[in-house]
Amino acid sequence: MAIENEQYEMIMMETMEKTEKTVSVLNSEYVTIRAGRANPHILDKVQVDYYGTPTPINQVGNVTVTDGRCLVISPWDASMLKVIEKQLLAENLGITPTNDGKVIRLVFPALTEERRKEIVKQIKKMAEDAKVAVRNVRRDSMDALKKMKNNKELSEDEHAVCEKEIDKVISESVDKIEKLSAEKEKDVMSV
């Protein structure tokens with residue numbers, strides 16, 4: 001039964017947008033988690049002072065993966081070497097940069113079993129936070145529907161159909177979150 005109600009359509013659209021954004025944010029957070037292999041995305045949130053402007057590292061030089069465990073940062077401006085090195089130390093990534101005067105190398109140590117378990121806990125916490133955010137979106141949407149029902153803008157039957165539709169969107173989002181979490185856990189735990 002399709003419900004033609006502009007307010008309901010707005011609630012559904014908002015619910016879908018917010019849940020998709022939550023999943024997207026979780027995915028981008030997972031990308032920055034170090035899994036023992038060199039991953040240039042670990043530097044995505046690192047900003048360096050480029051002539052007074054905070055700038056992402058990938059905009060002041062090339063970031064390449066030389067082998068499975070080493071990132072090489074080649075700044076286009078040689079004067080940025082010290083600035084980048086200093087910022088990498090300040091970010092506390094758990095990796096000490098080495099500067100040879102031309103490039104900066106970040107050598108990723110192999111993760112210990114204990115560290116892998118810590119990272120998995122962090123992954124699970126992030127997933128749980130995302131699920132809470134999705135459930136909060138559900139609560140807000142359900143409150144808006146209840147208000148519409150109380151104002152006689154929706155009938156009982158329409159209200160029940162709307163609730164099912166919102167629950168379906170929420171359920172799909174939670175499934176995506178669990179899938180992302182499981183994939184990242186498997187990635188971290190694989191040696």
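Here's what I pulled together on the structure shown here. (Residues numbered from 1 in each chain as written. Predicted model: local features only at pLDDT ≥ 70, side-chain atom pairs only at ≥ 80, totals over all residues. Heavy atoms only, no water.)

**Quick look at the nonpolar core**
Here's step 1: In this structure, L26, Y30, L145, I166 and I177 are the most contacted members of the largest nonpolar core, which totals 27 residues.
Here's step 2: Listing elements by their share of this core, those giving two or more residues are α1 (6-31), α3 (113-150) and α4 (156-189).
Here's step 3: At 10 residues, the largest contribution of residues to this core is made by α3.
Here's step 4: Apart from the residues lying within four places of it in its own chain, the contact partners of I177 are V23, L26, A127, A130, K131 and V134.
Here's step 5: Ranked by size, the runner-up nonpolar core spans 18 residues in total, among them V46, I73, I84 and I95. (Core = buried A, V, L, I, M, F, W, Y, C linked by side-chain atoms within 4.5 Å. Buried < 20%, exposed > 50% of the residue type's maximum accessible area, 1.4 Å probe, protein only. Helix = DSSP H or I, 4+ residues; strand = E, 2+ residues; numbered from the N terminus. Contact = heavy atoms within 4.5 Å.)

**Things to note about unusual backbone geometry**
Here's step 1: One non-glycine residue, Y51, lies in positive phi territory at about 50°.
Here's step 2: Here Y51 lies in the loop between β1 (47-50) and β2 (53-56).
Here's step 3: The backbone phi angle of K152 is positive, close to 60°, even though this residue is not glycine.
Here's step 4: For K152, a relative accessible area of 75% corresponds to the exposed category.

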